[in-house]
Amino acid sequence: MRVLSIMATLASLTTALPASAQVATDTCVEPPEPVVSLSYGSRYTDESVTRSDIDEDSNAAVNAALAPIEQFLRDLSSEANAVISGVDDQVVRADCVIAQMDVWAQADAFSDLGTITANFSIGSRLAGFAMVYRQVAPYSRDAAARQRIEDWLGRRIDEQMAFWEEDATAGAKTGNLRAWATLGINLVGDIRSDPVALRWSAWSATYLQCQALEDGSLPQEMRRGKYALHYQLHAIAPMVVTTLLLEKQGFSILGVCDNALDRIVQFAMDDLATGAASQAYSGKMQSYFDGTEDLDSFEIAWIEAYLVLSPNPDLDAFAEDFRPLRHSKLGGDQGLLWNAD
């Protein structure tokens with residue numbers, strides 16, 4: 001249930017804005033209905049010990065529940081990228097993004113997560129909202145809306161820290177889902193200048209990287225059957241971006257556990273040639289080589305952030321065929337976000 005319409009939000013904005021800005025806000029579209037409750041089971045069959053055998057009906061139910069969030073994040077990240085690209089109406093665009101997010105904040109979106117699977121999946125979505133917010137907040141004129149959004153995100157990351165400490169399953173605590181939650185917690189911690197969240201994210205990011213074996217494989221992901229390499233890549237994205245953010249925040253974890261992040265990245269990039277290393281661990285031909293899926297550019301969008309941490313001409317050349325590299329949960333266009341730094 002929406003507790004505040006976008007038009008009401010915009011009306012409160014325009015009372016404090018000059019006439020030239022008031023007209024422009026008419027172009028700000030209404031956001032999707034806020035998603036307050038999420039409750040669904042696993043994408044995988046009950047018998048799938050490796051969590052790699054997809055239950056088509058359950059998978060469809062999960063996708064349907066998450067679809068409005070995914071589309072909203074894609075739209076928001078596109079607008080946020082336009083703002084930081086310096087478009088002529090960047091302040092008005094920023095105000096619109098903040099007004100749209102404020103509708104979800106006032107509805108207390110994601111406050112009712114009814115299953116453990118919903119708790120697992122929300123971390124990456126929080127990261128996406130936080131990445132959008134940090135792009136547009138400096139240009140927005142609505143301090144009250146910004147505060148409501150920050151408070152909303154703060155409530156969600158407090159819940160996420162408690163979840164990962166107390167309720168998450170043992171295997172998940174070492175895998176990609178925790179890595180995404182760690183990124184979201186770091187971003188919101190930085191936005192709110194929250195030392196607890198920042199230090200928790202630094203500890204969690206270190207813990208996750210130190211799970212890597214000597215060859216850089218991540219044991220939790222290598223259990224995932226034909227999706228082992230897929231999930232190694234999925235884990236790398238938040239690991240890399242969190243590491244770069246921590247470096248900028250003064251909480252450097254570069255080089256932990258014998259340069260674990262470099263080994264994790266190298267394992268994945270080497271294995272994209274044949275999938276043989278992941279197959280040896282998982283016992284299954286990998287999804288990129290058995291016809292299940294092709295490598296999408298968003299799966300390697302983290303390369304732009306990684307090249308800031310560790311310049312690598314070969315990796316740069318590999319990425320060139322996939323650019324521009326975009327990922328809505330990482331804030332959109334990664335070249336735009338990181339290459340100007």
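Refer to the structure printed above.
Residues numbered from 1 in each chain as written. Predicted model: local features only at pLDDT ≥ 70, side-chain atom pairs only at ≥ 80, totals over all residues. Heavy atoms only, no water.

Chemist: Can you help me understand the environment of Gln 279 in this one?
Modeler: Relative to the elements of secondary structure, Gln 279 occurs in helix H12 (residues 276-282). Exposure remark for Gln 279: the relative accessible area of 32% places this residue in the partly exposed category. Linking Gln 279 and Leu 229, residues 50 residues apart in sequence, is a C-alpha distance of 8.5 Å. Beyond its immediate sequence surroundings of up to four residues, Gln 279 is in contact with Lys 284, Met 285 and Gln 286. (Helix = DSSP H or I, 4+ residues; strand = E, 2+ residues; numbered from the N terminus. Buried < 20%, exposed > 50% of the residue type's maximum accessible area, 1.4 Å probe, protein only. Contact = heavy atoms within 4.5 Å.)

Chemist: Mind showing me how you'd approach the nonpolar core here?
Modeler: The tendency in soluble globular proteins is for nonpolar side chains to be buried as a group. Leu 38, Trp 104, Phe 110, Phe 129, Trp 152 and Trp 302 are the most contacted members of the largest nonpolar core, which has 87 residues in total. Residue contacts for Phe 129: discarding those within four places in its chain leaves Ile 69, Phe 72, Leu 73, Leu 76, Met 101, Trp 104, Phe 110, Trp 152 and Leu 153. Formed by five residues, the second largest nonpolar core is a distinct cluster that contains Ala 205, Leu 246, Ile 253 and Val 256. (Core = buried A, V, L, I, M, F, W, Y, C linked by side-chain atoms within 4.5 Å.)

Chemist: What is the right way to look at the state of the cysteines in this model?
Modeler: Two cysteines, two sulfur atoms, one covalent bond between them: this is a disulfide. What the rule picks out here adds up to two disulfides. Shown here is the disulfide that connects Cys 28 with Cys 96, its sulfur atoms set 2.0 Å apart. Note on the Cys 28 and Cys 96 pair: the S-S dihedral is about 85°, so by sign convention the disulfide is right-handed. On the criterion of sequence distance, the pair formed by Cys 28 in the loop between helix H2 (19-24) and strand S1 (37-38) and Cys 96 in helix H4 (residues 90-106) is long-range, its members being 68 residues apart. Each member of the pair, Cys 28 as well as Cys 96, carries the same accessibility label: buried. Shown here is the disulfide that connects Cys 210 with Cys 257, its sulfur atoms set 1.8 Å apart. Looking along the S-S bond of the Cys 210-Cys 257 disulfide, the torsion reads about 95°, which is the right-handed sense. (Disulfide = S-S within 2.5 Å.)

Chemist: Looking at this structure, I do not really get the side chain of Arg 125. What am I missing?
Modeler: Its location among the elements puts Arg 125 in helix H5 (residues 116-136). For Arg 125, a relative accessible area of 8% gives the class buried. From its side chain, Arg 125 meets the backbone oxygen of Ser 121 in a polar contact 2.8 Å long. When near neighbours in sequence (up to four residues on either side) are disregarded, Arg 125 contacts Leu 66, Ile 69, Glu 70, Leu 73 and Lys 329. (Polar contact = N/O pair within 3.5 Å; in protein donor to acceptor, adjacent residues only side chain to side chain.)

Chemist: How do you make sense of the pattern of salt bridges when you look at a structure like this?
Modeler: When charged atoms on two side chains of opposite charge get close, those side chains can pair. Overall, the coordinates contain 13 salt bridges when judged by the stated rule. Two residues, Arg 141 and Asp 95, come together in a salt bridge whose shortest N-O distance is 2.4 Å. Of the two residues, Arg 141 is situated in the loop between H5 and helix H6 (143-166) and Asp 95 in helix H4; the sequence distance between them amounts to 46 residues. Classification of Arg 141 as partly exposed rests on a relative accessible area of 35%. Residue Arg 156 is joined to Glu 159 by a salt bridge in which the shortest nitrogen-to-oxygen separation is 2.9 Å. (Salt bridge = Lys/Arg side-chain N within 4 Å of Asp/Glu carboxyl O.)

Chemist: So what exactly am I meant to see when it comes to the packing of H6 against helix H7 (residues 176-191) here?
Modeler: A packed helix pair is summarised by two numbers, namely the angle formed by the two axes and the spacing between the axes. Packing of H6 against H7 brings their axes to within 9 Å, and their N-to-C directions diverge by 140°. Viewed along their axes, H6 and H7 adopt a mutual orientation that is oblique. Relative to H7, the crossing made by H6 is left-handed. Touching Glu 150, Leu 153, Gly 154, Ile 157, Gln 160, Met 161, Trp 164 and Glu 165 of H6 are Leu 177, Arg 178, Ala 181, Gly 184, Ile 185, Val 188, Gly 189 and Ile 191, all from H7. Of the residues that constitute the contact of H6 with H7, the class distribution is nine nonpolar, four polar and three charged. (Axes fitted to C-alpha atoms, helices over the stretch in contact; angles between N-to-C directions. Parallel < 35°, antiparallel > 145°, perpendicular 65-115°, else oblique. Left-handed = near helix turned anticlockwise from the far one by under 90°. Nonpolar A, V, L, I, M, F, W, Y, C, P; charged D, E, K, R; others polar.)

Chemist: How do you make sense of the packing of H4 against H5 when you look at a structure like this?
Modeler: The geometry of H4 relative to H5 is characterised by a closest axis approach of 10 Å and an angle of 145° between their N-to-C directions. Here H4 and H5 pass one another in a crossing that is left-handed. From H4, Ala 94, Val 97, Ile 98, Met 101 and Trp 104 reach across to H5, where they touch Phe 129, Val 132, Tyr 133 and Val 136. Tallied by class, the residues present in the contact of H4 with H5 amount to nine nonpolar, no polar and no charged.

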